Amino acid sequence: MYRILDVLRQADNFISGQEIGNMLSVSRAAVWKGIEKLRQEGYEIEAVTNKGYRLIHPETMYNKRELETGRKTKRMGYPVYFWKETDSTNNRIRELAFEGAEEGTLAVAEVQTAGRGRRGKPWRSPVGTGIWMSVLLRPQIAPTQASVMTLLGGLAVCEALENMTKLKTKIKWPNDIYIGHKKVVGILTEMDCELTQVHFVVMGIGINVNTKAFPADLQDIATSLYLESGQTYSRKKLVQNIMEVLERYYDAFVEAGTFAPFLEAYRKKCMTLRKEVTVFAKEPFAATALDITEDGELLVKRADNGKKEVVYAGEVSIRGVIK
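The shown structure was predicted, so the numbers you read here are calculated from the model rather than taken from an experiment.

1. Observations regarding the sheet that holds strand S12 (residues 298–302)
The sheet built from five strands is open, its strands ordered S13-S12-S11-S10-S14 with antiparallel pairing. Every other strand in the sheet has two partners, leaving strand S13 (308–311) and strand S14 (315–318) as the edge strands with one partner each. Geometrically, the sheet is characterised by an average inter-axis angle of 45° between neighbouring strands, direction not taken into account.

2. Brief notes about the packing of aromatic side chains
Under the counting rule described, the total for this entry stands at six aromatic pairs. With centroids separated by 5.7 Å and ring planes inclined at 85°, the aromatic side chains of Tyr-62 and Phe-82 adopt a geometry described as edge-to-face. In this pair, Tyr-62 is assigned in the loop between strand S2 (52–56) and helix H4 (64–68) and Phe-82 in strand S3 (residues 80–83), connecting sequence segments 20 residues apart. For the residue pair Tyr-62 and Phe-82, the accessibility class agrees, reading buried in each case. One aromatic cluster is present, built from ring pairs that chain together Tyr-249, Phe-259, Phe-262 and Tyr-266. When the ring centre of Tyr-78 is taken as origin, the NZ or CZ atom of Arg-71, which lies over that ring, is 3.6 Å away. When the ring centre of Phe-285 is taken as reference, the NZ or CZ atom of Arg-302 above it lies at 3.9 Å.

3. Quick notes on unusual backbone geometry
Between Tyr-78 and the following residue, Pro-79, the backbone shows a cis peptide bond with an omega angle of -15°. Along the polypeptide, Pro-79 turns up in the loop between H4 and S3. A cis geometry characterises the amide bond from Trp-173 onward to Pro-174, with omega recorded as 0°. Structurally, Pro-174 can be placed in the loop between strand S6 (170–172) and strand S7 (176–179). Notably, Lys-166 is not glycine yet its phi reads approximately 65°, a positive angle. When you line up the elements, Lys-166 lands in the loop between helix H6 (148–165) and S6. A relative accessible area of 69% places Lys-166 in the exposed class.

Thresholds, definitions, all that
- Residues numbered from 1 in each chain as written.
- Predicted model: local features only at pLDDT ≥ 70, side-chain atom pairs only at ≥ 80, totals over all residues.
- Heavy atoms only, no water.
- Pairing = 2+ DSSP bridges.
- Helix = DSSP H or I, 4+ residues; strand = E, 2+ residues; numbered from the N terminus.
- Axes fitted to C-alpha atoms, helices over the stretch in contact; angles between N-to-C directions.
- Phe/Tyr/Trp six-rings, centres within 6.5 Å; stacked < 30°, edge-to-face > 60°.
- Buried < 20%, exposed > 50% of the residue type's maximum accessible area, 1.4 Å probe, protein only.
- Lys NZ or Arg CZ within 6 Å of the ring centre and 35° of its normal.

As structure tokens, this is what we get:
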């Protein structure tokens, strides 16, 4: 079946069933059965009498086979696990990690029924419009360094988005990517570790790609690449681009052993710095965001006593801009 798909993909125009059969040394009946199986998987294949078959809009197809086709990475995105529907791709990667899956293993879903963001917030992931994926990393780092994986992922996703769309992106520390004042990407990084050793990190990435409208409660805070540009984008190509950029960033991080080489780039991308913020710690407090540390924490100056404080975790909102 997939040999037939490869022939259709390589053909410039229509190609007859006889030609396909001759190329693959199979009967025309076998070609027809293969075409029908491909259609059942969602491939749009046009058939015209006396002309043959033609693959229509292959760039819109989104499945394991398509995500594996044309990859340029060495290990990021290998292998691909794809689900039409699952509760959470982060959950799937955790299971695969415990089973011994290799670094770079990618889980992708068309629909998530229990996607989540920071602080347990639900993440909506409707069918056919977005990217909901998680990648397995096995960095040799201490648990105190794990938070920089989120920052590294944010930089990689920003670069990939800008490569494809030319839209200007910003990062709200530590894990959200914005276009203008609306969120387009959420990154949720989770780890499994002991006191001094990280076993693995799961980097979950959710992207609103071709969403044309949001529910009323999200219209003022969420956006998509389509809404910002008026164009639709190949989710397959975007996933592959993200894996390429992430692999480059991750390899550089592993070689350096620190987030320091990326710090200035992150500072330039971070929309949180120099803003009045609310820090949702055990007791929320107002502050001014001053800087990002080499370990990925946010340095703030409290409004109540003027003291500088490092924010290790939790959520930060930019007052007057982000609700």
